[in-house]
Amino acid sequence: MIERILERTFLLFLSSGFAKTNTDQIAKHIGISKRTLYKYYDTKDKLIDSVFELMRSKVQAKFDKVLQDKAKDPIDRLKEILFFISDMGSKMSKTFAKDIEMVRPDLFITMREFRKQRILSLADLLREGQKAGQIRKDVTPELTIDILLAAVDGILNPTYLFQSPYSNTMAFDAIVTIFLEGVQEKY
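Model, not experiment: these values are computed from the prediction.

1. Some words on the UniProt feature "domain: HTH tetR-type" (unreviewed entry) in the chain
Then, in step 1: Feature annotation in UniProt places "domain: HTH tetR-type" (unreviewed entry) on residues 1-59, given in this structure's numbering.
Then, in step 2: Counting secondary structure, residues 1-59 comes out at 78% helix and 0% strand; the distance between its end C-alpha atoms is 21 Å.

2. Thoughts on the packing of helix α4 (residues 44-68) against helix α5 (residues 74-90)
Then, in step 1: The contact between α4 and α5 brings their axes to 9 Å, and the two run at 165 degrees. The angle between the axes of α4 and α5 places the two elements in the roughly antiparallel class. Read as a crossing pair, α4 and α5 show a hand that is right-handed. Contact residues: α4 offers M55, V59, K62, F63, V66 and L67, while α5 offers R77, E80, I81, F84, I85 and M88.
Then, in step 2: Taken together, the residues that form the contact of α4 with α5 break down as nine nonpolar, no polar and three charged.

3. Brief notes about the UniProt feature "DNA-binding region" (unreviewed entry) in the chain
Then, in step 1: Under the present numbering, the feature "DNA-binding region" (unreviewed entry) in UniProt falls on residues 22-41.
Then, in step 2: Secondary structure across residues 22-41 divides into 75% helix and 0% strand, with the first and last C-alpha atoms of the span separated by 13 Å.

4. Remarks on the side chain of S164
Then, in step 1: Relative to the helices and strands, S164 is located in the loop between α10 (158-163) and α11 (168-183).
Then, in step 2: Here the side chain of S164 touches Y166 through a polar contact of 3.0 Å, landing on its backbone nitrogen.

5. Here we look at the nonpolar core
Then, in step 1: Membership of the largest hydrophobic core comes to 56 residues, with the highest contact counts inside it found for F52, L78, L82, L122, L148 and F179.
Then, in step 2: The element that contributes the greatest number of residues to this core is α4, accounting for nine residues.
Then, in step 3: The residues touching L122, leaving out its near neighbours within four places in the chain, are F63, L67, L78, I81, L82, I145 and L148.

6. Quick word on the packing of aromatic side chains
Then, in step 1: Taken as a whole and assessed by the stated rule, the structure comprises four aromatic pairs.
Then, in step 2: Relative to F96, the ring of F18 has its centre 6.1 Å away and its plane inclined at 80 degrees; by these criteria the two rings are edge-to-face. One end of the pair, F18, is in the loop between α1 (2-16) and α2 (23-30); the other, F96, is in helix α6 (residues 94-103), and 78 residues separate them in sequence.
Then, in step 3: By relative accessible area, which is 0% here, F18 ends up buried.
Then, in step 4: Ring pairing ties together the aromatic residues F13, F18, F52 and F96, which thus form one cluster.
Then, in step 5: Across from the ring centre of F114, 4.5 Å away, lies the NZ or CZ of R118, which sits over that ring.

7. Regarding empty space enclosed by the protein
A water-sized probe rolled over the atoms picks out the places where empty space is left.
Then, in step 1: Under the criterion given, the structure shown has two cavities of 30 Å³ or more.
Then, in step 2: What lines the second largest cavity is L82, I85, L148, V152, F172, I175 and V176.
Then, in step 3: Mapped onto the lining of the second largest cavity, the elements with two or more residues apiece are α5, α9 (141-155) and α11.
Then, in step 4: For the lining of the second largest cavity, the element with the highest residue contribution is α11, accounting for three residues.
Then, in step 5: Looking at side-chain class alone, the lining of the second largest cavity contains seven nonpolar, no polar and no charged residues.

8. Considering the packing of helix α7 (residues 105-120) against α9
Then, in step 1: Their axes nearest at 10 Å, the elements α7 and α9 cross at an angle of 150 degrees. The handedness of the crossing between α7 and α9 is right-handed. The residues of α9 that touch α7, namely those facing R112, R115, K116, I119 and L120, are I145, D146, L148, L149, V152 and D153.
Then, in step 2: Among the residues making up the contact of α7 with α9, the classes are represented as six nonpolar, no polar and five charged.

9. So, α11
Then, in step 1: Over its 16 residues, α11 extends 23 Å from the first C-alpha to the last, a length consistent with the 22 Å expected when each residue adds 1.5 Å.
Then, in step 2: When α11 is considered as a whole, its buried residues turn out to be N168, A171, F172, I175, V176, F179, L180 and V183. For α11, the arc enclosing every buried residue in end-on projection is 150 degrees, short of the 170-degree limit, so these residues lie on one face. Turned more than 90 degrees away from the buried face of α11 sit I178 and E181, all of them exposed.

Rules used throughout
Residues numbered from 1 in each chain as written. Predicted model: local features only at pLDDT ≥ 70, side-chain atom pairs only at ≥ 80, totals over all residues. Heavy atoms only, no water. UniProt positions renumbered as here; feature names shortened; annotations may be inferred. Helix = DSSP H or I, 4+ residues; strand = E, 2+ residues; numbered from the N terminus. Axes fitted to C-alpha atoms, helices over the stretch in contact; angles between N-to-C directions. Parallel < 35°, antiparallel > 145°, perpendicular 65-115°, else oblique. Left-handed = near helix turned anticlockwise from the far one by under 90°. Contact = heavy atoms within 4.5 Å. Nonpolar A, V, L, I, M, F, W, Y, C, P; charged D, E, K, R; others polar. Polar contact = N/O pair within 3.5 Å; in protein donor to acceptor, adjacent residues only side chain to side chain. Core = buried A, V, L, I, M, F, W, Y, C linked by side-chain atoms within 4.5 Å. Buried < 20%, exposed > 50% of the residue type's maximum accessible area, 1.4 Å probe, protein only. Phe/Tyr/Trp six-rings, centres within 6.5 Å; stacked < 30°, edge-to-face > 60°. Lys NZ or Arg CZ within 6 Å of the ring centre and 35° of its normal. 1 Å grid on protein atoms, 1.4 Å probe; cavity = no way out; pocket = protein on both sides within 12 Å on 5 of 7 lines; lining within 4 Å. Points joined across faces, edges and corners; volume = space filled by probe spheres on them. Expected span 1.5 Å × (residues − 1). Arc of directions from axis to C-beta.

Written out as structure tokens, the structure is:
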């Protein structure tokens, strides 16, 4: 039951934000009574914290699985992670992004640091790709990952997202395309 509550609440928050979403709406979206919701989460903040913890654990599990899958080429693993990041970002509404920054700045800081650590872990994958001849040798992995991180942070900035005429999907797809075209060895 807890996983169902968190999964469904996460999807609701992604699409509608959480600041103005009340517990009646959450319970209705999940398909349970408000009383059942309070049985598991007696405050909305505890529910929000648990939703974010679930999100972090899913992202960490995906990164671990992909990075450890040596059966795939480094460039394929890099693409899989970047497309995963892009897909997650594309599901996030502008309202959700703004809520994180304005209503729960503690979560905003935590999520930004978590994202930074996950993206920094890609430097080893770039080095592996260089050894395999898939990533350009003139690319400095750490600097390249810092550039990627700056681009993702710029796009995931709620102020940018809220004011931008571009959809999240369009912005993330552009980052992934430009990044991959820039680092791949040309044959």
